[in-house]
Every structure is written in structure tokens, then in C-alpha cells.
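Now for the letters of each chain:
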Amino acid sequence: MTDLNQKKERDQWGSKLGFIFAAAGSAVGLGNLWKFPYLAGQNGGGVFVVIYLGLVLLIGFTLMMAELVLGRNTQLSPVGAFRKIKQKWAWVGGIGVLASFLIVTYYSVIGGWIIKYIVSALTGAFNTTDLGTLESVFVNFIGAPVEPLIYHGIFMLITLGIVMGGISGGIEKASKILMPGLFIMMVVLMVRSITLPGAMAGVEYLLKPDFSKLNMGVVVSALGQVFFSLSLGMGVMVTYGSYLPKDENLVESSLIIPALDTIIALLAGLTILPAVFALGFDPSGGPGLLFITLPGVFAKMPFGSFFAVLFFVLVLFAAVTSSISLLEAAVSLTVDQFKWERKKATIGLGILAFLIGVPSSLANGPVLGNMTFIAGTNFFDSMGIITDNLLLPLAALTLSIFVGWVWGTDKAVAEATNGGKVKFALAKTWSIAIKYVAPIAIGYILISGLIPLFK
Ligand code: PHE
């Protein structure tokens, strides 16, 4: 009886399109707009892109389906979902949710930087092309003790406000406005970028693979990026899948979401790198590409401040639709397991995430900058290491073993095809991929991500 009642009360996506926008919104984020272009820039351009595309098909699609299927089958957030199938595996769901909760603490710090950059672009603060100046503007801002915390707080409030509204009324509504908006701005910016004189060198750099640059390092960064960018391994897609109705076509959704995410990553690459090339900057600028190099690029462009504002608003849209999914995983867990009210859970967890984010922000400046945690890095980088090198691959590994071996591919395929009603031509290939290919590949990145920490 209680079970039935619970199902009735559980929120659901209002429409198929709404779910796709929300899930693609989770996937499309700083991973696409900030990390993908700089990783491509650092890892040989085209060769990174080709490996990335291959891994999205092989591993990204496979795990996306595993997560959505698990969530929809159990109609529960991760811990409950694993527990319902096999009691002893509940902790696996816990790792994922812990990962997403820890990520949102520093994702929000970076989200705050984006808001600050919108303000700076509006006030014309970046009117210089000198990278040294732009770098010190950035470093001084993120290292300040108070200002970045205010922006971090604003970003967290936006996230919290949307999550509080629930699935169909909050997350879906916001995503339906933010995602199409993002796409339109992205296309405008890409056209601007590739029509700059000299931009073709950047397009070529991104699309023409030079296989002499291929090495294991490229593969490992590409695979790590696949997980992060597709929001996999964190229980987020299990959670989003749990709000799906039983007649939803999961085979289709598992293909559409990675496809949209990949298109946006490529568009981001095609927006940023051609402009960087055309205006004579270095593509391998690393994490500073977005905050240091790009303002320089805009300063050199006609109507640069307009495009700068447009660009950072777009990044903010993308970051918000991701952070809401990160917070939602933890909120959903508290609502399902501890029967908290959604409002109370969202506010409580939002405040906690803000507080844990504070040392991440302070680690970029004199207050906590000299304090080291893991492998000689500061608090901010250590959080990144814990989530990216340890928790994410561990959660993804255990998830693929769970679905492939404990729950069983037959049951998973039955759920994916709505009991045989939906066509899934690749069911056999998918089963092999989730049982063998995914665990081996993920195990490999887990080990290769941990080894350098002990050196
Ligand atoms: N996929 C998001 C991005 O690319 C980040 C994210 C990771 C969001 C995990 C949710 C879960 O920025």
C-alpha cells in the first residue's frame, strides 16, 4: 500500500521533450564549454576529438542506458535503486551521490566566477588583449577572500531556487527555457568565430586528426571527460531516469542525450579554438582558456563586449542546468530515504554545499592557498582529485559491474525495451559492452588516475 501511495506522490517529467532538455542540460555544462576546448587544445586537437567520439559511442552510450534503465526500473534515487535490487549494493549508489554532492560544492564556486565575468563584460572591464593583465585580473579576483564567495552564494541560490520547485515545476521548466536559449547563442557565437579571418586554422586543428600525437594520456583524458561531460557515474542519470514514465523509449533517450552533449562540445570547440587561432593566441592555454584567453579574444573582436556578454551568459545557462542536477541527486536521496520534505532538503543541502565550497574558493588566494591536502595540492584541486580521479571512476565501475553482473543484462534489456515493445537492435552488443568493455576501460582509468597521486 505504502509503495503505491509513494509512487503516486512521486513527481514525474511533464513531457518527453522536457526530460530530454533537462537531461541534456545536466550533461551540457562547464565540461563542454570550459573543459572540452582546453583539453582538445592540450591533447593534440583532432586526435583527441576522434578518440572522444569513439568513447562516447562505446562507453558513454552504454553507461547512459545503464543509469536510465536502473532509475526507471526502480523509480528510486540511487541508494534506494541499488538496494531494491540487491540490499548489499546500496553503498554503490551512495558513492555516486557523494561524488555529485562534492562536485556541486566547487562547481558553484566556478559558476560564481562566470557571473562575475558577465558583470565585468557588461562594464567593459576586459578592454585589453594583454594576457599578462588578463591573467592578473583573473588571479586577483579568484584569490580575493570575499567577492568570489558572494558570487558563489548567488550561484548556489539560483541552483537551490530551481531545485526547490521540484521536477516538472522547477528543473524541467528552467531547462526548457535555458537549453534552447543556449543553443541559439552558441550558434551565433560559432558563426562569429569561424568567420574571423584566419579562423580556419583553428577549425582544422580541431577536426583534422594527427595520429602521431596519439598516446595513452590522450585516451585517459578523453575517457575521463566522457564521464564528466555526460554526467555519468554520479547517480544523476539514475535519479533523472527515476522520474520517467514506464512507456518512455529509453533506447532513443540514451542515444539522444549523448548526441546533444557531443554536438554542444563540438560547437564549443568550434567557437573557442578558431577565435583563439584567428587572434593569435595559444590553444594550449589550459584551464585559463575560458577566463584569461577568451576575454583577450573578445577585446580584439568588433563588438567584442557584446559577444563577451552573450558568451558568458551562455556559459551560465549551461552551468545552472548542470548544477541543479548535481544538487538534485542528493535532494532526491534525502527525500526518498529520510522522507524529508523537498523544500527542507533542498535548503539544508544547498547551505551545506555552499559551506563546503567556501574553502574551495579560499584555496585560490592567500587565506588557504598554502595549505595542501592531497598530493601536494590545495583544497580546491584536492576536491577535484577526489571526485574526478577516485569517486567518479569508482562509481562508474561499480555501476557497470552491478548492472552487467548482479542485476543482469537480460533484466536491464527488458526494462530498456519496455518488455520487448521497443526495438533495440544493439542489445547484444550493449550487454557485452556493459559486462566487459566498460569495467575494463573504467578500471584502467581508475588505476591510471590514482598512480600519479602516490608518486
Ligand atoms: N556534465 C556536466 C558538465 O559537463 C557536469 C556534471 C557532472 C553534471 C556530473 C552533473 C553530473 O559540466
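Residues numbered from 1 in each chain as written. Predicted model: local features only at pLDDT ≥ 70, side-chain atom pairs only at ≥ 80, totals over all residues.

1. As for the overall build of the protein
Alright, step 1. Along the backbone of the protein there are 18 helices and zero strands.
Alright, step 2. Expected size for 455 residues packed as a compact globule is a radius of gyration near 23 Å; at 21 Å, the protein falls within 12% of this value.
Alright, step 3. Counting only residues that meet the buried cut, the protein has 54% of its 455 residues in that class.
Alright, step 4. Long-range pairs, those at least 24 residues apart, make up 83% of the contacts in the protein between residues at least 6 apart in sequence. (Helix = DSSP H or I, 4+ residues; strand = E, 2+ residues; numbered from the N terminus. Rg over C-alpha atoms; globule rule 2.2 N^0.38 Å. Buried ≥ 20, exposed ≤ 12 C-beta atoms within 10 Å, placed from the backbone. Contact = placed C-beta atoms within 7 Å.)

2. Here we look at the environment of Tyr-436
Alright, step 1. Here Tyr-436 shows up in helix H18 (residues 427–450).
Alright, step 2. On the basis of neighbour counts, which here come to 12 C-beta atoms within 10 Å, the residue Tyr-436 falls in the exposed class.
Alright, step 3. Separated by 127 residues in sequence, Tyr-436 and Val-309 have C-alpha atoms that sit 46 Å apart.

3. What about the site of the ligand?
Alright, step 1. In the region of the ligand, 15 residues are neighbours, and Gly-29, Leu-30, Gly-31, Ser-231 and Ser-322 sit closest.
Alright, step 2. When residues of the shell around the ligand are traced back to their parent elements, those giving at least two are helix H2 (16–27), helix H3 (30–42), helix H11 (216–229) and helix H15 (304–338).
Alright, step 3. A class-by-class count of the residues in the shell around the ligand yields six nonpolar, nine polar and no charged. (Near = placed C-beta within 6 Å. Nonpolar A, V, L, I, M, F, W, Y, C, P; charged D, E, K, R; others polar.)

4. Thoughts on the packing of H3 against helix H13 (residues 250–278)
Alright, step 1. Axis separation between H3 and H13 bottoms out at 8 Å; the angle between their running directions is 65°. For the element pair H3 and H13, the recorded crossing hand is right-handed. Along its contact with H3, which presents Asn-32, Leu-33, Phe-36, Pro-37, Ala-40 and Gly-41, the element H13 presents Asp-261, Ile-264, Ala-265, Ala-268, Gly-269, Ile-272 and Leu-273.
Alright, step 2. Classifying every residue of the contact of H3 with H13 by side-chain character gives nine nonpolar, three polar and one charged. (Axes fitted to C-alpha atoms, helices over the stretch in contact; angles between N-to-C directions. Left-handed = near helix turned anticlockwise from the far one by under 90°.)

5. Notes on unusual backbone geometry
Alright, step 1. Not every positive phi belongs to a glycine, and Ser-231 is a case in point at roughly 60°.
Alright, step 2. For Ser-231, the location among the structural elements is in the loop between H11 and helix H12 (236–242).
Alright, step 3. Given 29 C-beta atoms within a 10 Å radius, Ser-231 is considered buried.
Alright, step 4. Of note in this structure, Ala-375 is not a glycine but carries a positive phi near 45°.
Alright, step 5. On the secondary structure map, Ala-375 appears in the loop between helix H16 (342–362) and helix H17 (379–416).

6. Description of the confidence of the model for the protein
Alright, step 1. Model confidence for the protein is summarised by a mean pLDDT of 91, while 98% of its residues fall at 70 or above.
Alright, step 2. This stretch, residues 1–8, has a pLDDT under 50; its non-local contacts, to residues over four places away or in other chains, come to one contact.
Alright, step 3. Our summary of model confidence lists the complex with pTM equal to 0.91 and ipTM equal to 0.97. (pLDDT = per-residue confidence, 0-100.)

7. Brief notes about the packing of H13 against helix H14 (residues 288–300)
Alright, step 1. It is the contact of H13 with H14, at a shortest axis distance of 10 Å, that shows an interaxial angle of 55°. Taken as axis vectors, H13 and H14 run oblique relative to one another. Our pair here, H13 against H14, has a crossing hand that is left-handed. Touching Ile-272, Ala-275 and Val-276 of H13 are Leu-289, Thr-293, Leu-294 and Val-297, all from H14.
Alright, step 2. Partitioned by chemical class, the residues of the contact of H13 with H14 number six nonpolar, one polar and no charged. (Parallel < 35°, antiparallel > 145°, perpendicular 65-115°, else oblique.)

8. Focus: helix H10 (residues 200–207)
Alright, step 1. The complete set of buried residues in H10 reads Gly-202, Tyr-205 and Leu-206. Mapping the buried residues of H10 onto a view down its axis gives an arc of 90°, with all of them on the same face.
Alright, step 2. Elements in contact with the buried residues of H10: H3, helix H4 (46–74) and H13. (Arc of directions from axis to C-beta.)

9. A closer look at the environment of Leu-326
Alright, step 1. Tracing the chain through its elements places Leu-326 in helix H15.
Alright, step 2. Given 28 C-beta atoms within a 10 Å radius, Leu-326 is considered buried.
Alright, step 3. A sequence separation of 95 residues divides Leu-326 from Ser-231, and the C-alpha atoms of the two residues are 8.7 Å apart.
Alright, step 4. For Leu-326, the residues in contact, after removing those within four places along its chain, are Ser-100, Ile-103, Val-104, Tyr-107 and Val-236.

10. Let's talk about the environment of Ala-308
Alright, step 1. By the secondary structure assignment, Ala-308 is in helix H15.
Alright, step 2. The spacing of Ala-308 and Leu-122 is 186 residues in sequence and 8.3 Å in space, taken between C-alpha atoms.
Alright, step 3. Here Ala-308 is in contact with Ala-121, Phe-126, Pro-295 and Phe-298, once residues within four sequence places are set aside.

11. As for H13
Alright, step 1. When the terminal C-alpha atoms of H13 are compared, their 42 Å separation across 29 residues agrees well with the 42 Å that a helix rising 1.5 Å per residue should span.
Alright, step 2. Where burial is concerned, most of H13 is hidden: 23 out of the 29 residues are buried.
Alright, step 3. Just past H13, the residue Gly-280 takes up positive phi, approximately 80°. (Expected span 1.5 Å × (residues − 1).)

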